[in-house]
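Here's the letter readout for the chains.
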Amino acid sequence: MITVRINGQEESFTAALSVSAFLEAKGYRTDRVAVEKNGAIVPRREYESCLINDRDTLEVVSFVGGG
Amino acid sequence: MGDIRITEEEMRQALNGRHTEGVQSRISAARVAVAGLGGLGSNIAVSLARIGVGRLHLIDFDRVDVTNLNRQQYFADQVGMYKTEALRENLLRINPWLELRTDCLRVTEENAAALLRDDMYICEAFDDAGNKAMLVREVLEKLPGTYLVAASGMAGYGDGNAIHTRRVSSRFYLCGDETTEAAAGRGLMAPRVALCAAHQANMVLRLILGER
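Quick summary incoming for the structure in this document. (Residues numbered from 1 in each chain as written. Chains lettered and ligands numbered in written order. Predicted model: local features only at pLDDT ≥ 70, side-chain atom pairs only at ≥ 80, totals over all residues. Heavy atoms only, no water.)

Focus on the nonpolar core
Residue and element names in this part refer to chain B. The biggest cluster of nonpolar side chains holds 43 residues, and the ones touching the most others in it are Val 32, Leu 40, Ile 44, Leu 48, Leu 56 and Leu 91. For this core, the secondary structure elements donating two or more residues are β1 (31-35), α3 (39-50), β2 (55-59), α4 (83-94), β4 (121-124), β5 (147-151), β7 (172-176) and α7 (190-208). Examining the composition of this core, we find that 9 residues originate from one element, α7, more than from any other. Once residues within four sequence positions are removed from consideration, Val 32 is found in contact with Leu 48, Val 53, Arg 55, Leu 56, His 57, Asp 119, Tyr 121, Cys 123, Val 204 and Ile 208. (Core = buried A, V, L, I, M, F, W, Y, C linked by side-chain atoms within 4.5 Å. Buried < 20%, exposed > 50% of the residue type's maximum accessible area, 1.4 Å probe, protein only. Helix = DSSP H or I, 4+ residues; strand = E, 2+ residues; numbered from the N terminus. Contact = heavy atoms within 4.5 Å.)

Concerning the packing of α3(B) against α4(B)
All names here are of chain B. Look at α3 against α4: their axes get within 9 Å of each other, and the N-to-C directions meet at 25°. Relative to α4, α3 is oriented roughly parallel. Crossing angle aside, the handedness with which α3 passes α4 is right-handed. In contact with Ser 42, Ala 45, Val 46, Ala 49 and Arg 50 of α3, α4 contributes Leu 87, Leu 91 and Ile 94. Its residues assigned to classes, the contact of α3 with α4 shows 6 nonpolar, 1 polar and 1 charged. (Axes fitted to C-alpha atoms, helices over the stretch in contact; angles between N-to-C directions. Parallel < 35°, antiparallel > 145°, perpendicular 65-115°, else oblique. Left-handed = near helix turned anticlockwise from the far one by under 90°. Nonpolar A, V, L, I, M, F, W, Y, C, P; charged D, E, K, R; others polar.)

A closer look at the interface of chain A and chain B
Opposite the 19 residues of chain A that make contact, chain B presents 31 residues. The junction of chain A with chain B conceals about 1,900 Å² of combined surface from both sides, 58% of it contributed by carbon and sulfur atoms. Summed over the shared surface of chain A and chain B, the number is 2 salt bridges. Residues Glu181(B) and Arg32(A) are paired through a salt bridge, measuring 3.1 Å at the closest nitrogen-oxygen approach. Summed over the shared surface of chain A and chain B, the result is 11 residue pairs in polar contact (both at pLDDT 80 or more). Where the side of chain A that touches chain B is concerned, the elements lending two or more residues are β4 (33-37) and β7 (57-62) of chain A. (Buried area = accessible area lost by both parts, 1.4 Å probe. Salt bridge = Lys/Arg side-chain N within 4 Å of Asp/Glu carboxyl O. Polar contact = N/O pair within 3.5 Å; in protein donor to acceptor, adjacent residues only side chain to side chain.)

Quick notes on the pattern of salt bridges
Considering all chains together, one arrives at 14 salt bridges over all chains under this definition. With its nearest N and O atoms 3.8 Å apart, the salt bridge here joins Asp54(A) to Arg55(A). Overall, the relative accessible area of 72% leaves Arg55(A) in the exposed class. Of the charged contacts in the structure, one is a salt bridge between Asp103(B) and Arg101(B), with a shortest N-O distance of 3.1 Å.

What is shown is where atoms sit, not what they do.
Structure follows, in structure tokens:
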């Protein structure tokens, strides 16, 4: 079991998971999000390889259209 | 454009008088990029031009369309012009001594970092959600030392007070209600888009003046 802080809220997962697995599980569209892990941006090309581990902090900003 | 009956020195003194000299010297020395010159970007640029931001970098590939006039800072006689040129014209009517750089091109993953490398403050002002996210990822990954003020959610005529500014992380601020997407029957309208643009312009000003 791991516990991760996501947008200020604690959440638990059964095991470490990749950023892309996390985004898919939460229903995010990967082309519309910016993800920061422990304060550093995660490049989109690293979503598969970047693992979310116990006690990591994630900020996920999902954009909507309009401007 | 009518005759200009004021001098650069008079403009400088007027800005100093309104803002105080210490504040104005920081505003005048700032370099700000505005990526996207639609409802958000044109309004951000007008605010920053009025307070005398030293160097504005204006970026858009598109031309003024009649459907832009409900919220964007262009005029009916500018329909068909490139937005970079139309906005240049309008900003120079506000302050003829502004230093402007314009790039009439589409911002992509490939050119974003090179395009923005001289700008300390960057406003994301695109329309498309994918482009917004792309610019945020590129700036935060490749341009350390910059500050980014982005926007998400300002369509329709919902509660004005739902538009807010929040600090996502040390160099990244987000304005908008974060939920209201432009859609059929919920279009982009001048008041709420301008509110969001004003949040962005004010956040840039706060950063220029050392507020975090």
